[in-house]
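Here is what each chain is made of, one letter per residue.
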Protein chains: 4
Amino acid sequence: MESKLPVYEHVVQYYETDRMGVVHHSNYIRWFEEARIYVFDRIGLSYRAMEDQGIVSPVVAVECRYKTMSKFYDTVEVRLAFKGYTGVRLNIEYEVVDKATGEVRCTGKSEHCFISPEGRIMSVRRSFPEYDAILSEYSKED
Amino acid sequence: MESKLPVYEHVVQYYETDRMGVVHHSNYIRWFEEARIYVFDRIGLSYRAMEDQGIVSPVVAVECRYKTMSKFYDTVEVRLAFKGYTGVRLNIEYEVVDKATGEVRCTGKSEHCFISPEGRIMSVRRSFPEYDAILSEYSKED
Amino acid sequence: MESKLPVYEHVVQYYETDRMGVVHHSNYIRWFEEARIYVFDRIGLSYRAMEDQGIVSPVVAVECRYKTMSKFYDTVEVRLAFKGYTGVRLNIEYEVVDKATGEVRCTGKSEHCFISPEGRIMSVRRSFPEYDAILSEYSKED
Amino acid sequence: MESKLPVYEHVVQYYETDRMGVVHHSNYIRWFEEARIYVFDRIGLSYRAMEDQGIVSPVVAVECRYKTMSKFYDTVEVRLAFKGYTGVRLNIEYEVVDKATGEVRCTGKSEHCFISPEGRIMSVRRSFPEYDAILSEYSKED
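Here is what the cut-offs are and how they apply
- Residues numbered from 1 in each chain as written.
- Chains lettered and ligands numbered in written order.
- Predicted model: local features only at pLDDT ≥ 70, side-chain atom pairs only at ≥ 80, totals over all residues.
- Helix = DSSP H or I, 4+ residues; strand = E, 2+ residues; numbered from the N terminus.
- Rg over C-alpha atoms; globule rule 2.2 N^0.38 Å.
- Buried ≥ 20, exposed ≤ 12 C-beta atoms within 10 Å, placed from the backbone.
- Contact = placed C-beta atoms within 7 Å.
- Nonpolar A, V, L, I, M, F, W, Y, C, P; charged D, E, K, R; others polar.
- Pairing = 2+ DSSP bridges.
- Least-squares fit on C-alpha atoms with pLDDT ≥ 70 in both.
- Axes fitted to C-alpha atoms, helices over the stretch in contact; angles between N-to-C directions.
- Parallel < 35°, antiparallel > 145°, perpendicular 65-115°, else oblique.

**So, the overall build of chain A**
Scanning chain A for helices and strands turns up four helices and five strands. Taking 142 residues into account, the globule formula puts the C-alpha radius of gyration at 14 Å, and chain A, at 16 Å, falls close to it. Principal-axis analysis of the C-alpha atoms places the extent of chain A at approximately 45 × 35 × 20 Å. When burial is assessed residue by residue, chain A has 37% of its 142 residues classed as buried. For chain A, long-range pairs separated by at least 24 residues make up 66% of all intrachain contacts whose partners lie at least 6 apart in sequence.

In structure tokens, the structure reads:
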């Protein structure tokens, strides 16, 4: 996955495993969020700052395709790429990779919109040009 | 455990197990909450109604002593008893029991206070006598 | 969603909400699993019995499209339909609906395979014809 | 809290908050585990290595007393101290502290035993003297 975005690392916790002995599939959806929030923060788009301004960015859709299993205390890297940012919507692609072996654990996608302090779907481009500039910059494909 | 309170049932979910093949210990704390909310609701103390009035009842302390292990798809009963209700504070005792065998899975306790809409510790006795009557009634030990 | 399968009910727990005041999106993936296991059990395909025979059915892929928000202590219905069962793979479609209003909370899909006691992808049709008969019966579209 | 043990840091995740806008109380129990596993690993007691040898260390009891609330994206430090190690049982005390302000979020305790590969309660002192040496060293109070 090609991306200029920072990479997020997660250490697999005991409570994330299930009786199959591997990570429960629902946790990858949570790791996508962990990574998204971390990456946003690193590039100047703090969730907390945005929510303090009244902006929320709900998940409109999410998907995940599982390839191999993560085990307890593995370190995984979550890599993101922004796709198809329109000023109103943002799609993100994910790849979770075992840090030690490089093996791909899963790939995924999420779709997001932005809700204004008034509770309406909002154009980031129009209302928050400084955030728009960042999202546009990292969505560019060369 | 002697108590006039209704009993809550929970079916153990796959995602609640861990790689030891049994329920992760943190989930019992969540089942205490599930049971507490269910029981409150059944006796006329809806959490949602209370929160709509601005009252929240945070957990001040919790403890759990594990006896035996719950497994996937077991049905457990969570039994509650109110202890030492003072009008301001409420202590709850718990017993989680396997429904099929009656084996005790764990015992526990939680302590609660009540926060008023103004964000201060509140006397339920003084501010919400109708809730106080219910809590008093079920805290009585004969 | 048309389906002969039983409907699963879930009561939204406090710990399933997040600071937006609604259910965290990752929990719907868990509810899909809760519903799947419940429905399988009701139609004679007990996960626990299957796992005791050494069969596991991992999630190969999952997706969810969020429409509206579930709130604390709502009761939701999770409806399933089996799609495209091949004897080797099973696709399941989901609809989560608010029980009180009928409003659709989300729709989703999951893909499953079956792993034999020897750890290999397995044809249920060939190895477990009694399970195959059930899956085939409920996958039929009239 | 005085301790020679390394300190564990955790960044509060979105999915760890609840509709009160703060971290759900059950997550502190999980953070205790995260910290315990991290600290064990750093001092030469890898959970994964132990479990590969067939040793498991279940939680016998846990308790937590909540002081103040953690918020989304706060960094907390989890500090541990080993107490009352007997060769057979280990007690651990915890303090969760906001990294930025030093404010104590909660204090807690957990009790542990060790189960041998044969499934029996085990004396670490007798069976795994190298692990015993480490636990003894860090349990010493000066």
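Next comes the rest of the account.
**Comments concerning the interface of chain C and chain A**
Contact with chain C, which involves 14 residues of that partner, is made by 14 residues of chain A. Taken together, the elements giving at least two residues each to the side of chain C that touches chain A come down to helix H1 (26-42) and strand S2 (59-66) of chain C. Broken down by element, the side of chain C that touches chain A gets its largest block of residues, eight residues, from S2(C). Residue composition of the side of chain C that touches chain A, by class: nine nonpolar, two polar and three charged. Here strand S2 (residues 59-66) of chain A pairs with S2(C) via five bridges, running antiparallel. Bridge pairing in S2(C) links A:Ala61 to C:Arg65.

**Focus on the interface of chain A and chain D**
Counting residues at the interface gives eleven residues for chain A, matched by eleven residues for chain D. Contributing elements (two or more residues each) for the side of chain A that touches chain D: helix H1 (26-42) and helix H2 (47-52) of chain A. Taken together, the residues of the side of chain A that touches chain D sort by class into six nonpolar, one polar and four charged.

**Focus on the relation of the copies chain A and chain D**
Aligned on chain D, chain A shows an RMSD of 0.0 Å; the corresponding rotation is 180° and the shift along the axis is 0.0 Å. Such a turn and shift between the copies fits a two-fold axis. Among all residues of chain A, the minimum C-alpha distance to the rotation axis is found for A:His10, at 5.5 Å. Looking at chain A, 100% of its interface residues are interface residues in chain D too, so the copies touch through the same face.

**Thoughts on the relation of the copies chain C and chain A**
Mapping chain C onto chain A calls for a rotation angle of 180° and an axial translation of 0.0 Å; the resulting RMSD is 0.0 Å. Of the interface residues in chain C, 100% have counterparts in chain A that sit at the interface too, so the contact is made through matching surfaces.

**Quick notes on the sheet that holds S2(C)**
Reading across the sheet, the ten strands line up as S1(A)-S3(A)-S4(A)-S5(A)-S2(A)-S2(C)-S5(C)-S4(C)-S3(C)-S1(C) and stay open at both edges, with antiparallel pairing between neighbours. Two strands bound the open sheet, and with one partner strand each, they are strand S1 (8-11) of chain A together with strand S1 (8-11) of chain C. With direction set aside, neighbouring strand axes in the sheet form an average angle of 20°. Note: S2(C) against strand S5 (residues 104-113) of chain C, seven bridges, orientation antiparallel. Looking at S5(C), one finds that C:Val62 is bridged to C:Ser110.

**Notes on the packing of H1(A) against H1(C)**
With their axes 9 Å apart at the nearest point, H1(A) and H1(C) run at an angle of 175° to one another. Taken together, the axes of H1(A) and H1(C) lie roughly antiparallel to each other. When H1(A) is examined against H1(C), the residues A:Ser26, A:Ile29 and A:Arg30 are found in contact with a partner set consisting of C:Ser26, C:Ile29 and C:Arg30. For the contact of H1(A) with H1(C), the per-class residue count stands at two nonpolar, two polar and two charged.

**Quick notes on the environment of A:Ser57**
Residues and elements named next belong to chain A. Within the secondary structure layout, Ser57 lies in the loop between H2 and S2. When the C-alpha atoms of Ser57 and His112 are compared, they prove to be 6.2 Å apart, with 55 residues separating the residues in sequence. When residues no more than four places from it in sequence are discounted, the contact partners of Ser57 are His112 and Phe114.

**Some thoughts on the environment of C:Glu95**
Residues and elements named next belong to chain C. For Glu95, the location among the structural elements is in strand S4 (residues 89-98). Among the residues examined, Glu95 registers 18 C-beta atoms within 10 Å and is labelled partly exposed. Here the alpha-carbon distance between Glu95 and Thr17, two residues 78 residues apart in the chain, equals 19 Å. In this structure, Glu95 is in contact with Met1, Arg79, Val104 and Thr107, ignoring residues within four places of it in sequence.

**Some details on the pairing of S5(C)**
Residue and element names in this part refer to chain C. Sheet topology note: the S4/S5 ladder contains nine bridges and is antiparallel. Bridging from a neighbouring strand, Glu93 pairs with Lys109 of S5. Counting the residues between successive antiparallel strands, the hairpin from S4 to S5 contains five residues, one of them, Gly102, with a positive phi of roughly 80°.

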